[in-house]
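Fold and geometry: a report
Here is what each chain is made of, one letter per residue.
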Amino acid sequence: MTASFPLPYAVFGVSGRTGAAAADALLRSGHPVRVVVRDPAKGRPWAERGAEVAVADLTDLAAMTKALSQIQGAYVVSPQHYNREDLFERADLIAETTARAALAADVPRLVALSSVGADCESGTGWIRMNRMFEQRLSASGIATIFLRAAYFMENWMPMVGQAMRSGTLPTFLAPPLRPIPMVATVDVGSTAAALLQEKSRASCIVTLSGPQDYAPNDVAAIISATLQKPVGVAVLPETAWPQALADAHFSRAALAGFTEMTRGINCAHIDIKSDPSAVERAGTTTLEQVIAELARRQR
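Everything numeric in this text was worked out from a predicted model, so none of it was measured. (Residues numbered from 1 in each chain as written. Predicted model: local features only at pLDDT ≥ 70, side-chain atom pairs only at ≥ 80, totals over all residues. Heavy atoms only, no water.)

This part is about the overall build of the protein. In terms of regular secondary structure, the protein is built from 11 helices and 12 strands. For 299 residues, the compact-globule estimate of 2.2 N^0.38 gives 19 Å, and the C-alpha radius of gyration of the protein, at 19 Å, lies within 12% of that figure. Considered along the principal axes of its C-alpha atoms, the protein spans approximately 70 × 35 × 35 Å. Burial analysis of the protein (299 residues in total) assigns 50% to the buried set. Summed over its atoms, the accessible surface of the protein is roughly 13,900 Å², and 53% of this surface lies on carbon and sulfur atoms. Side-chain charges of the protein comprise 28 positive and 28 negative groups, with the mean position of each set lying 5 Å from the other. (Helix = DSSP H or I, 4+ residues; strand = E, 2+ residues; numbered from the N terminus. Rg over C-alpha atoms; globule rule 2.2 N^0.38 Å. Buried < 20%, exposed > 50% of the residue type's maximum accessible area, 1.4 Å probe, protein only. Areas by Shrake-Rupley, 256 points an atom, 1.4 Å probe, with all protein chains shown as cover. Lys, Arg positive; Asp, Glu negative; His and termini not counted. Charge placed at Lys NZ, Arg CZ, Asp CG, Glu CD.)

What follows is the structure, given as structure tokens:
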């Protein structure tokens, strides 16, 4: 009699924070995992933990179909290429390839990383790439949970370093007293892993934020308490954004997308509660925990 083994869960984006957290959560729970990477070297640490490794470029339909074959479900992401002028076209190609491959491989269910604001037709900048991802996967008819994450707490990483050096926290978000939903990437990954294991086969939208909202002033206060020294807030005017982002080496299209997205956040056009059909979930990791870790790394 041949023993039968459970099919693995496929996890994309393990070189990034949310994919790594999803794969880690599944492995810790004893589930078989297949990590999908473009560079085989990125898969070695996961192979050492017992995961299968599949190698696939996200625009290669044959390789993607093979990576998605014979699985229980998959956590899929669309990495955004901020150095490219054609980043939106590239994102749409990745979305189309992912949808076609998942359909060809007969994947029973997907959890797809998206963003708050993906329900909006315009005025969202970078988030339009998440909207493309949602639309392509929705059109495929595959049962998909769209995990719309709030503002990543880890986005503060470069600003924490500046605050440690100068005592001033620069921010693109305004006004500095207005709290917005934020979420830790570890909670995004662990929530994705949990959603993959749920029995429902219906498509839905899940918004994910942290245990509370935070304003830039709150971020500065947390950094101040962590460092035990005063930290002020400096809201960067839009005219200063290109210079502030120079080290990120954004393409012109990416910088325009960032600008439109940040305007949308600041005027509350991008709002976690804008889609009444979404199911709300909350992570447990606080910004205090994330900043303590970011500060430790910067030291």
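This next bit is on unusual backbone geometry. Of note, the amide linkage connecting Ala-174 to Pro-175 takes the cis form, showing an omega dihedral of -5°. Summarising the element assignment, Pro-175 is placed in the loop between β8 (168–171) and β9 (182–183). In the Ramachandran plot, Gln-70 falls in the positive-phi region, its phi being about 55° despite a non-glycine side chain. Take Gln-70: it is sitting in the loop between α3 (61–67) and β4 (73–76). When its relative accessible area of 57% is taken as the criterion, Gln-70 is described as exposed. Phi is positive for His-249, which is not a glycine, with a value near 55°. Inspection of the secondary structure assignment puts His-249 in the loop between α9 (241–244) and α10 (252–266). Note on His-249: relative accessible area 60%, which makes it exposed.

The next subject is helix α7 (residues 185–197). Between its first and last C-alpha atoms α7 spans 19 Å; for 13 residues at 1.5 Å apiece the expected length is 18 Å, and the two agree. Taken together, the buried positions of α7 are Thr-185, Asp-187, Val-188, Gly-189, Thr-191, Ala-192, Ala-193, Leu-195 and Leu-196. (Expected span 1.5 Å × (residues − 1).)

Strand order across the open sheet formed by eight strands is β3-β2-β1-β4-β5-β6-β10-β12, with parallel pairing between neighbours. Of all the strands in the sheet, the pair left with one neighbour each is β3 (52–55) and β12 (279–282). Across the sheet, the mean angle separating the axes of adjacent strands is 25° when strand polarity is ignored. Here strand β1 (residues 9–12) runs beside β4; their pairing, made up of three bridges, is parallel. Counterpart to Tyr-9 in the pairing with β4 is Gly-73. (Pairing = 2+ DSSP bridges. Axes fitted to C-alpha atoms, helices over the stretch in contact; angles between N-to-C directions.)

Moving on: the pairing of β3. Where strand β2 (residues 33–37) meets β3, four bridges bridge the pair, whose relative direction is parallel. Directly across from Val-36, in β3, lies its bridge partner Ala-54.

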